[in-house]
Protein chains: 2
Amino acid sequence: MELDARKEKILKAIIQTYLETGEPVGSRTISKYSDLKLSSATIRNEMSDLEEMGYIIQPHTSAGRIPSDKGYRFYVDQIIREKENQVNEMQEIMIQRVDRVELLLKHMAQLLATNTNYATMISGPTSNLTKLKFIQLSKVEEKKLLIVVVVEGNIIRNSFVNLEEDVTHEDVLNLNILLNNSLNGLTIQEINLGMISKLKEQAGIHKQVIELVLNEVSEAIQAQDADLQIYTSGATNIFKYPELSDTQKASQLLNTLEHKELLKGLFDDKQLPAVSDPQIQVYIGDETPIQSMKDCSVVTANYVLGDGLRGTIGIIGPKRMDYEKVVSTLRTLVSQLNDTFNQ
Amino acid sequence: MELDARKEKILKAIIQTYLETGEPVGSRTISKYSDLKLSSATIRNEMSDLEEMGYIIQPHTSAGRIPSDKGYRFYVDQIIREKENQVNEMQEIMIQRVDRVELLLKHMAQLLATNTNYATMISGPTSNLTKLKFIQLSKVEEKKLLIVVVVEGNIIRNSFVNLEEDVTHEDVLNLNILLNNSLNGLTIQEINLGMISKLKEQAGIHKQVIELVLNEVSEAIQAQDADLQIYTSGATNIFKYPELSDTQKASQLLNTLEHKELLKGLFDDKQLPAVSDPQIQVYIGDETPIQSMKDCSVVTANYVLGDGLRGTIGIIGPKRMDYEKVVSTLRTLVSQLNDTFNQ
DNA sequence: TATTAGCACTCTTTTCAGTGGAGTGCTAAC
DNA sequence: GTTAGCACTCCACTGAAAAGAGTGCTAATA
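Residues numbered from 1 in each chain as written. Chains lettered and ligands numbered in written order. Predicted model: local features only at pLDDT ≥ 70, side-chain atom pairs only at ≥ 80, totals over all residues. Heavy atoms only, no water.

### Here's the deal with the interface of chain A and chain B
- Every contact between the two is made by 33 residues of chain A and, on the other side, 33 residues of chain B.
- Counting the surface lost from both chain A and chain B, the interface buries some 2600 Å², and carbon and sulfur atoms represent 59% of this.
- One can count two salt bridges joining chain A with chain B.
- Taking the shortest distance from any N to any O, the salt bridge between Glu-141 of chain A and Lys-133 of chain B comes out at 2.6 Å.
- At the boundary of chain A with chain B, the tally comes to 14 residue pairs in polar contact (both at pLDDT 80 or more).
- If you list the elements that add at least two residues to the side of chain A that touches chain B, you get β4 (132-141), β5 (144-151), β6 (155-162) and α10 (247-258) of chain A. (Contact = heavy atoms within 4.5 Å. Buried area = accessible area lost by both parts, 1.4 Å probe. Salt bridge = Lys/Arg side-chain N within 4 Å of Asp/Glu carboxyl O. Polar contact = N/O pair within 3.5 Å; in protein donor to acceptor, adjacent residues only side chain to side chain. Helix = DSSP H or I, 4+ residues; strand = E, 2+ residues; numbered from the N terminus.)

Next comes the structure, spelled out in structure tokens:
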């Protein structure tokens, strides 16, 4: 059987109605509200076909129909294709230039959540290719150095290191100059063993200090990768959707959102059901790599700050989420982010 | 009527049983399991008295009894008085000396949550009296300074400031010396207008820079106070208690825990139902200053790091929480914190 | 031939009465 | 003062019946 124009129209009407109400849609509803001018009986026949083709499901014999995952997928692909060539009108979400990326991301997660009424998550930028911009050692106390590392994108990392022997302020000054001259502009991968031993030589008596410092530096940078920062917001929005609010489902979902390490699965796989635009992915129901979200849909988008800084924004909502709005909001947001940081 | 010894014993037995089961407690249960050797009929008479006195409640005519808020309060006061003079055996929770207080607090919230199976929150230390320990300006780019402020307790704040005119590296060096010499060891209140204008004089051409920098410094410090950092953890633990799991209650509670600004109410009021130990407060049901927690109990404890750094730890659970464990855990934790930082 | 009206049928949801169980309060006996 | 016994109350659960929503099928219609 083929999905002709009329079937498509009916399918879209069913899905749209369901997105609004969250209730199974009957044939009469469609015949009344869609502009097809067909009787409920005709719609019934078509619905029967659509069900056979797998686009819609009957929860039970005498209920209306709801979209299946396949139905949602049809709808989403459709939407995205239609939107693709349109110019997105500016959203209210404005990005202010902020010097600290973490704050920006946290703030953005909140904005997105209140704007969309879904749960949101943003993974902090990973720094595999990130260039070191600036290192500053300061002697704060006897035998205690403060290390401040600034990487591309103006992300700041601090840590303290306790030394075994004290150093003078002059030593620290020289070390700063040495480190900045040798390391600035390099990525973490480029700081290899050869370079390190050369540094140790140049540092003279402070070999040990150099070692400790470099450890901290690399840890500070890699910390980002290891315990990948993930910010979530609007988790309780899920209670706005009855189909997700029952205690068990809500509990599982919220648990995943609270223990952010459980979300990692979403940010690794990049070979999943892709949509024409490589930036944006839509996972419907079982397509999601995370078990506790199998009753939800998840939309993710990748963003890029500067050269090597990439991250992912995700929105989690009911399967009947407003895909159109979500996709276009994400698209706008990501392109704004890219613009802001690549200007 | 008076609460004699036997009534007390029965009341305690009722509450303890209810804490375990979460179900209304009948007279027969008490007569069987408590060591009172009384028949259910006698217990019934006493229970009737206890109800009249307001310590227990009957959900409906033919149900057992559950504790009223007044009953819980009796129980809690009792527990705390008993525990008061005991030496608390060491808990498994160990505090590792960590250089960054924020991380420590976050980590502690998590530990507490998994340990107790309740929701936890910790307010970051407020810094009214905090002394400045160290300031470091660094030129990161043309016309852009990185300011790192370390205050007592080794809390680090960073921010960037954009200058209108560029400064040389030497200038920055001198500024650093000037600022550290003048400001270190002072509290934010002590950095007053007189001091500021004196600094401006000494700085010579860099008046404007000084102004910008001082603004950032004071903002960096006060930021802590303004958007008081609050860390929460274990929010989804509430689903472990059926009486809190129904959609509406859970939704409200989780919402409060997510929008942490709603929690502030808990950290201001210090004149509420106090318990003998000034450090620890127990709010039962309606005693809580936060509406969405009126079906819960909240236990808070204050901690002190160094001179002026104070904060609050809170535990949120069902009214039938294990007060004994919670109070003693909190007491141990707080005293460990105090010891660690005051040594 | 495609569409539509009509009707029997199915399944869920709601309502309601009936039943069993848990626990009480009261009275009388110990 | 304590306890045994019993009538009573109320909730939780069950199953039956009624109401409602929506379908599938058939026969009539344009």
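### Let's talk about the environment of Thr-126 of chain B
- Within the secondary structure, Thr-126 of chain B is located in the loop between β3 (119-123) and β4 (132-141).
- Since its relative accessible area comes to 24%, Thr-126 of chain B is described here as partly exposed. (Buried < 20%, exposed > 50% of the residue type's maximum accessible area, 1.4 Å probe, protein only.)

### Points about the layout of surface pockets
- Taken as a whole, the second largest pocket encloses approximately 960 Å³ of empty space.
- Taken together, 35 residues make up the lining of the second largest pocket; nearest its centre are Gln-136 and Leu-173 of chain A together with Gln-136, Leu-173 and Asn-176 of chain B.
- Of all the secondary-structure elements, those providing two or more residues to the lining of the second largest pocket are β4 and α6 (169-183) of chain A together with β4 and α6 (169-183) of chain B.
- In terms of residue class, the lining of the second largest pocket is made up of 14 nonpolar, 14 polar and seven charged. (1 Å grid on protein atoms, 1.4 Å probe; cavity = no way out; pocket = protein on both sides within 12 Å on 5 of 7 lines; lining within 4 Å. Points joined across faces, edges and corners; volume = space filled by probe spheres on them. Nonpolar A, V, L, I, M, F, W, Y, C, P; charged D, E, K, R; others polar.)

### A few points about the confidence of the model for chain A
Residues and elements named next belong to chain A.
- Mean pLDDT over chain A stands at 81; residues scoring 70 or higher make up 84%.
- Predicted confidence for residues 85-99 stays below pLDDT 50, and this span has 30 contacts to residues more than four positions away or in other chains.
- Confidence drops under pLDDT 50 across residues 271-277; counting only partners more than four residues distant or on other chains, this segment forms 15 contacts. (pLDDT = per-residue confidence, 0-100.)

### Section: the sheet that holds β5 of chain A
All names here are of chain A.
- Spatial strand order, β4-β5-β6: three strands in an open sheet with antiparallel pairing. Strand pairing shows two members of the sheet lacking a second neighbour, β4 and β6, which therefore form its edges. Ignoring strand direction, the axes of neighbouring strands in this sheet form an average angle of 20°.
- The pairing of β4 with β5 spans eight bridges and is classified as antiparallel. Paired with Ile-135 across the bridge in β5 is Val-149.
- Against the sheet, α6 touches β4 and β5, its axis set at about 170° to β4. (Pairing = 2+ DSSP bridges. Axes fitted to C-alpha atoms, helices over the stretch in contact; angles between N-to-C directions.)

### Some words on the protein's contact with DNA strand D
- Around DNA strand D, a shell composed of 21 residues is seen, among which Ser-27 of chain A together with Arg-6, Thr-42, Thr-61 and Ser-62 of chain B lie nearest.
- Backbone atoms, meaning sugar plus phosphate, form 75% of the atoms of DNA strand D positioned within 4 Å of the protein.
- Take Ser-39 of chain B: an N or O atom from its main chain is 3.1 Å from a phosphate oxygen of DNA strand D.
- A distance of 2.8 Å separates a base oxygen of DNA strand D from a polar side-chain atom of Ser-62 of chain B.
- Put simply, the parts of the chain that give the surface near DNA strand D at least two residues each are α3 (40-52) of chain A together with α3 (40-52) of chain B.
- Ranked by residue count, the leading element in the surface near DNA strand D is α3 of chain B, at four residues.
- Tallied by class, residues from the surface near DNA strand D come to four nonpolar, twelve polar and five charged. (Near = heavy atom within 4 Å.)

### Description of the domain arrangement of chain A
All names here are of chain A.
- Here chain A is described as being made up of domain 1 (5-74), domain 2 (96-124 + 229-341) and domain 3 (132-226).
- On the domain 2 side, the residues contacting the eight residues of domain 1 number eleven residues.
- Area buried by domain 1 at its contact with domain 2 is led by Asp-69, Tyr-72 and Arg-73, which between them contribute 68% of it.
- For the pair domain 1 and domain 2, the number of links is five residue pairs in polar contact (both at pLDDT 80 or more).
- Of all elements in the fold, only α1 (5-21) and α4 (69-84) reach the threshold of two or more residues within the side of domain 1 that touches domain 2.
- Of all the elements, α1 adds the most residues to the side of domain 1 that touches domain 2, at four residues.
- In the side of domain 1 that touches domain 2, the residues fall into three nonpolar, two polar and three charged. (Domains from an automatic or database assignment.)

### Comments concerning the relation of the copies chain A and chain B
- The transform that puts chain A on chain B rotates by 179° and translates by 0.0 Å along the axis, for an RMSD of 0.1 Å. Viewed as a symmetry operation, the transformation between the two copies matches a two-fold axis. The rotation axis passes nearest to the C-alpha of Thr-247 of chain A in chain A, at a distance of 3.2 Å.
- Taken together, the interface assignments show that 100% of the residues at the interface of chain A recur at the interface of chain B, consistent with an identical surface on both copies. (Least-squares fit on C-alpha atoms with pLDDT ≥ 70 in both.)

### Side note on the protein's contact with DNA strand C
- Around DNA strand C there are 20 residues in total, and Arg-6, Thr-42, Thr-61 and Ser-62 of chain A together with Ser-27 of chain B lie nearest to it.
- Here the atoms of DNA strand C within 4 Å of the protein split so that 74% fall in sugar or phosphate, with bases taking the remainder.
- For DNA strand C, a phosphate oxygen lies 2.9 Å from a polar atom in the backbone of Ser-39 of chain A.
- Here Thr-42 of chain A contributes a side-chain N or O atom positioned 2.8 Å from a phosphate oxygen of DNA strand C.
- Sorting the residues of the surface near DNA strand C by element identifies α3 of chain A together with α3 of chain B as the ones contributing at least two each.
- Per-element accounting of the surface near DNA strand C gives the leading share, four residues, to α3 of chain A.
- Tallied by class, residues from the surface near DNA strand C come to four nonpolar, twelve polar and four charged.

### A short note on the sheet that holds strand β5 (residues 144-151) of chain B
Residues and elements named next belong to chain B.
- Strands sit in the order β4-β5-β6 across an open sheet of three strands; the sheet is antiparallel. Single-partner strands in this sheet number two, and they are β4 and β6 (155-162). Put simply, the sheet's adjacent strands are angled 20° from each other on average, direction ignored.
- Lying over the sheet, α6 contacts β4 and β5, oriented at roughly 170° with respect to β4.

### Looking at helix α10 (residues 247-258) of chain B
- When the terminal C-alpha atoms of α10 of chain B are compared, their 16 Å separation across twelve residues agrees well with the 16 Å that a helix rising 1.5 Å per residue should span.
- Among the residues of α10 of chain B, Ala-250, Ser-251, Leu-253, Leu-254, Thr-256 and Leu-257 of chain B are the ones counted as buried. (Expected span 1.5 Å × (residues − 1).)

### Quick word on the packing of aromatic side chains
- The final tally for this structure, using the stated rule, is six aromatic pairs over all chains.
- Their ring planes at 55° and their centres at 6.1 Å tell us that Tyr-72 of chain B and Tyr-323 of chain B sit as a pair that is tilted. Taken together, the residues Tyr-72 of chain B in helix α4 (residues 69-84) and Tyr-323 of chain B in helix α12 (residues 323-342) connect sequence positions 251 residues apart. The exposure classification of Tyr-72 of chain B matches that of Tyr-323 of chain B, with both residues buried.
- Of note, Lys-70 of chain A hangs over the ring of Tyr-55 of chain A, and the distance from its end group to the ring centre comes to 4.6 Å. (Phe/Tyr/Trp six-rings, centres within 6.5 Å; stacked < 30°, edge-to-face > 60°. Lys NZ or Arg CZ within 6 Å of the ring centre and 35° of its normal.)

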